[in-house]
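Residue-level structure breakdown
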Amino acid sequence: MIVNDKKVLGIFGYPIGHTLSPLMHQVAAEYHYLDLIYLAFSVKPPDLPAALAGIKALGIKGVNLTIPHKEAAIPLVDELSEEARLIGAINTIVLADGKLIGHNTDGQGFITSLSRDVGESPKGKTILLLGAGGAARAIAIHLALARAKRIIIANRTLNRAEELASYLEKHSNRVSVCAIPLEKEILITHMEEAEIIINTTPIGMSRDDMVILPGERLRPQQLVCDIVYRPLNTPLLQAAKAKGGKTLDGLGMLIYQGALSFKLWTGRDMPVELVRKRLLQELLP
Ligand code: NAP
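Residues numbered from 1 in each chain as written. Predicted model: local features only at pLDDT ≥ 70, side-chain atom pairs only at ≥ 80, totals over all residues. Heavy atoms only, no water.

Residues of helix α8 (residues 235–242) that are buried: Leu-236, Leu-237, Ala-239 and Ala-240. When α8 is viewed along its axis, its buried side chains cluster within an angular range of 160 degrees and face the same direction. Where α8 is buried, its residues contact β10 (196–199), β11 (223–226) and β12 (246–248). Looking one or two residues beyond α8, the residue adopting positive phi is Gly-244, at roughly 85 degrees. (Buried < 20%, exposed > 50% of the residue type's maximum accessible area, 1.4 Å probe, protein only. Helix = DSSP H or I, 4+ residues; strand = E, 2+ residues; numbered from the N terminus. Arc of directions from axis to C-beta. Contact = heavy atoms within 4.5 Å.)

Structure (structure tokens):
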């Protein structure tokens, strides 16, 4: 088999371990009878420039980028979509006319999941965002674009939250923003006013993780979202369910960001419900 005859796609990350992206894109490709393969590449940070150059050399049609490459890739591509420029991070690269074009589908993936999976919109809402890393940045920018009323950013490293808050203020004069440390007493004050709470930190992935905020203060009227998808039912979501609240796990965001990447590479729509069913078989015990 000559690999160049096939459309090769992939994901670069480190560690890349248990990524679900190859399965997701393979299911979508088979559904559309597309002759493509999607591979997971373990790429260490110092090797990213060579790996990206390899996309052109090998004729790979596109890749996803995951931890820790999303921001580091910005100066290494030929062009950026408007969205990737605004977010300052890339999760999807398309090889087009010999050029590497960087896109970011994470934020839109989350907003689509919010709307399709739980019928919610950020418009006019007060949102407590936990974390200020790459995913938080993509989500925060989309929350502002979708006309959230107020975004409270809580982060372990306060200056990162402050940086994101001032960036949002600079780029949107409609949203009110504030930055707070990820500390119990301060969280309690701000949990009161939040209509939507979104965890964008990895807390909840490890078996020993505690609930990221004081769970006893959650209210049934609040929508609680966790972008962690392994496990699906994180301690935060369990705490929200115990209070009778509505919850959203990270699987929808994973699928919808992937669907946007798939569309960029192939022009086809991802069969999202088929993909969800298949991924659930992997994720549920
Ligand atoms: P990132 O850029 O490294 O940011 C990590 C964020 O989590 C930072 O705000 C960091 O705070 C905080 N954090 C990390 N460990 C913490 C701890 N022990 N205690 C408190 N805060 C902690 O990572 P990312 O790309 O944003 O990804 C974050 C998570 O989202 C990952 O679990 C990833 O798998 C998930 N994710 C899911 C999807 C999806 O499709 N569902 C998409 C993207 C990402 P500091 O600033 O203080 O370090």
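Turning to the sheet that holds strand β9 (residues 176–181), a few remarks are in order. The 6 strands are arranged β9-β8-β7-β10-β11-β12 in an open sheet whose pairing can be described as parallel. At either end of the open sheet lies a strand with only one pairing partner, and these are β9 and β12. Strand-to-strand, the axes of this sheet are offset by a mean angle of 15 degrees, without reference to chain direction. The pairing of strand β7 (residues 126–130) with β10 spans 4 bridges and is parallel. Within the sheet, the bridge partner assigned to Leu-128 lies in β10 and is Ile-197. Seen against the sheet, helix α5 (residues 134–145) touches β7, β8 (150–155) and β10 and runs at an angle of roughly 170 degrees to β7. Along the sheet, α8 makes contact with β10, β11 and β12, crossing β11 at roughly 165 degrees. (Pairing = 2+ DSSP bridges. Axes fitted to C-alpha atoms, helices over the stretch in contact; angles between N-to-C directions.)

Roughly 1400 Å³ of internal volume is contained in the largest pocket. Elements represented by at least two residues in the lining of the largest pocket include exactly β3 (62–65), α5 and α9 (251–266). Among the residues forming the lining of the largest pocket, the class breakdown is 18 nonpolar, 17 polar and 6 charged. Among the domains, domain 1 (7–104 + 254–283) and domain 2 (107–249) are the pair contributing at least three residues each to the lining of the largest pocket. (1 Å grid on protein atoms, 1.4 Å probe; cavity = no way out; pocket = protein on both sides within 12 Å on 5 of 7 lines; lining within 4 Å. Points joined across faces, edges and corners; volume = space filled by probe spheres on them. Nonpolar A, V, L, I, M, F, W, Y, C, P; charged D, E, K, R; others polar. Domains from an automatic or database assignment.)

On their own, these measurements won't tell you what the molecule is for.
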